Amino acid sequence: MGKSLAETAFIDLLPSSISGDDTIIAAAQALDGVLEETRAGIENVLLFSRIDEIEEPLLSEMAWQLHVDYWDTDFSLTTKRELIFTAIPRHRRKGTPGAIEEMLHAITGSGSVSEWFEYSGDPYWFRVEIDLAEVVLALADLEVAETIIGVCKNVRSHCEEVLYVAGAEPYTHILATTIVGEIITVYPDPEE
């Protein structure tokens, strides 16, 4: 049965031609301590697989390395971890309405984009609607949404307006039906 890396001494890895030399044995024993420290640090390299365990300031360093579009040190750890974990896929879609919506949802909790052709606007313009009932930020922090939009949108498009909806649907849907019936009897034509 094989040994794990933690159970293997460096001297066990040496070929038989040099494993009997006293100098080599001493060097191998000296390297065991250094290699143990290196082996113990291997788990620290695996950042994404243990993103739920990572704390500050490493989260901020990862955000800087991955070029997270919008970062604030006051964000909750959950928000920071989500922004880091989704940074690469979001960069692939940067400049699309979906990327703006994802970022708004991650930070504010709400946000939907309507492009110009969806509301008969001018080309290259869009609107953003934020439902205040779903927003996780304080109302004073909502200017964050406008910053996020500016960072995530493509260069040629312009945000026409940001609509803050107060939780209720802006439209009331009413359904009404009317049933009218009349019996018509068709007789054969008497002239035939």
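Described in the following lines is the structure provided in the data block.

1. Describing the overall build of the protein
Now for step 1: Across its full length, the protein carries seven helices and three strands.
Now for step 2: Written out in order from the N terminus, the α and β elements of the protein read α-α-α-α-α-α-β-β-α-β.
Now for step 3: Taken across its 192 residues, the protein has 24% of its residues classed as buried.
Now for step 4: For the protein, the share of sequence-separated contacts (at least 6 apart) that also reach a separation of at least 24 residues comes to 48%.
Now for step 5: With the model as given, the accessible surface of the protein reaches about 13,700 Å², and the carbon-plus-sulfur share is 56%.

2. Focus on a nonpolar patch on the surface
Now for step 1: Together, Trp116, Phe117, Tyr124 and Trp125 make up an exposed nonpolar region whose accessible area comes to about 420 Å².
Now for step 2: When you line up the elements, tyrosine 124 lands in the loop between strand S1 (112–115) and strand S2 (125–131).
Now for step 3: Residue classification places tyrosine 124 among the partly exposed residues on the basis of a relative accessible area of 46%.

3. Structural notes on the nonpolar core
Now for step 1: Formed by 29 residues in total, the largest nonpolar core has its most connected members in Ile84, Ile107 and Ile148.
Now for step 2: Of all elements in the fold, only helix H3 (58–65), helix H4 (77–85), helix H6 (97–107), S2 and helix H7 (143–152) reach the threshold of two or more residues within this core.
Now for step 3: If sequence neighbours within four positions are ignored, isoleucine 148 has contacts with Tyr70, Met103, Leu104, Ile107 and Thr108.

4. Here we look at the sheet that holds strand S3 (residues 158–165)
Note on sheets: strands pair through backbone hydrogen bonds, and any given pair is parallel or antiparallel.
Now for step 1: What the three strands build is an open sheet, ordered S1-S2-S3; its pairing is mixed. Of all strands in the sheet, those with a lone pairing partner are S1 and S3, marking the two edges. The average angle at which neighbouring strand axes cross in this sheet is 25°, direction not considered.
Now for step 2: Here S1 runs beside S2; their pairing, made up of four bridges, is antiparallel. Paired with glutamate 115 across the two strands is phenylalanine 126, which belongs to S2.
Now for step 3: The strands that H6 touches are S1 and S2; relative to S1, the one it contacts most, it runs at about 155°.

5. Notes on H4
Now for step 1: Here H4 has its buried residues at Thr79, Lys80, Arg81, Leu83 and Ile84.
Now for step 2: Contact partners of the buried residues in H4: H3, helix H5 (87–92) and H6.

6. Details of the pattern of salt bridges
Now for step 1: Taken as a whole and judged by the stated rule, the model has nine salt bridges.
Now for step 2: Of the charged contacts in the structure, one is a salt bridge between arginine 81 and glutamate 55, with a shortest N-O distance of 3.4 Å. In this pair, arginine 81 is assigned in helix H4 and glutamate 55 in the loop between helix H2 (42–45) and H3, connecting sequence segments 26 residues apart.
Now for step 3: Residue classification places glutamate 55 among the partly exposed residues on the basis of a relative accessible area of 42%.

7. Remarks on H3
Now for step 1: Buried residues of H3: Leu59, Met62 and Ala63, and no others. An end-on view of H3 places all buried positions within 100° of arc, on one side of the element. The exposed residues of H3 that point more than 90 degrees off its buried face are Trp64 and Gln65.
Now for step 2: Where the residues of H3 are buried, they touch H4.
Now for step 3: Residue histidine 67 follows H3 closely and has a positive phi angle near 55°.

8. Focus on the packing of H3 against H4
Now for step 1: The geometry of H3 relative to H4 is characterised by a closest axis approach of 10 Å and an angle of 30° between their N-to-C directions. Considering the angle they form, H3 stands roughly parallel to H4. The crossing of H3 and H4 is left-handed. Contacts between H3 and H4 involve Leu59, Met62 and Ala63 on the former and, on the latter, Leu77, Lys80, Arg81 and Ile84.

9. Observations regarding the environment of isoleucine 107
Now for step 1: By secondary structure assignment, the location of isoleucine 107 is in helix H6.
Now for step 2: Distance from isoleucine 107 to threonine 79, taken between C-alpha atoms, is 6.6 Å for residues 28 residues apart in sequence.

Conventions adopted
Residues numbered from 1 in each chain as written. Predicted model: local features only at pLDDT ≥ 70, side-chain atom pairs only at ≥ 80, totals over all residues. Heavy atoms only, no water. Helix = DSSP H or I, 4+ residues; strand = E, 2+ residues; numbered from the N terminus. Buried < 20%, exposed > 50% of the residue type's maximum accessible area, 1.4 Å probe, protein only. Contact = heavy atoms within 4.5 Å. Areas by Shrake-Rupley, 256 points an atom, 1.4 Å probe, with all protein chains shown as cover. Patch = residues over 30% accessible without salt bridge, like charges linked within 9 Å, V, L, I, M, F, W, Y side chains within 5 Å. Salt bridge = Lys/Arg side-chain N within 4 Å of Asp/Glu carboxyl O. Core = buried A, V, L, I, M, F, W, Y, C linked by side-chain atoms within 4.5 Å. Pairing = 2+ DSSP bridges. Axes fitted to C-alpha atoms, helices over the stretch in contact; angles between N-to-C directions. Arc of directions from axis to C-beta. Parallel < 35°, antiparallel > 145°, perpendicular 65-115°, else oblique. Left-handed = near helix turned anticlockwise from the far one by under 90°.

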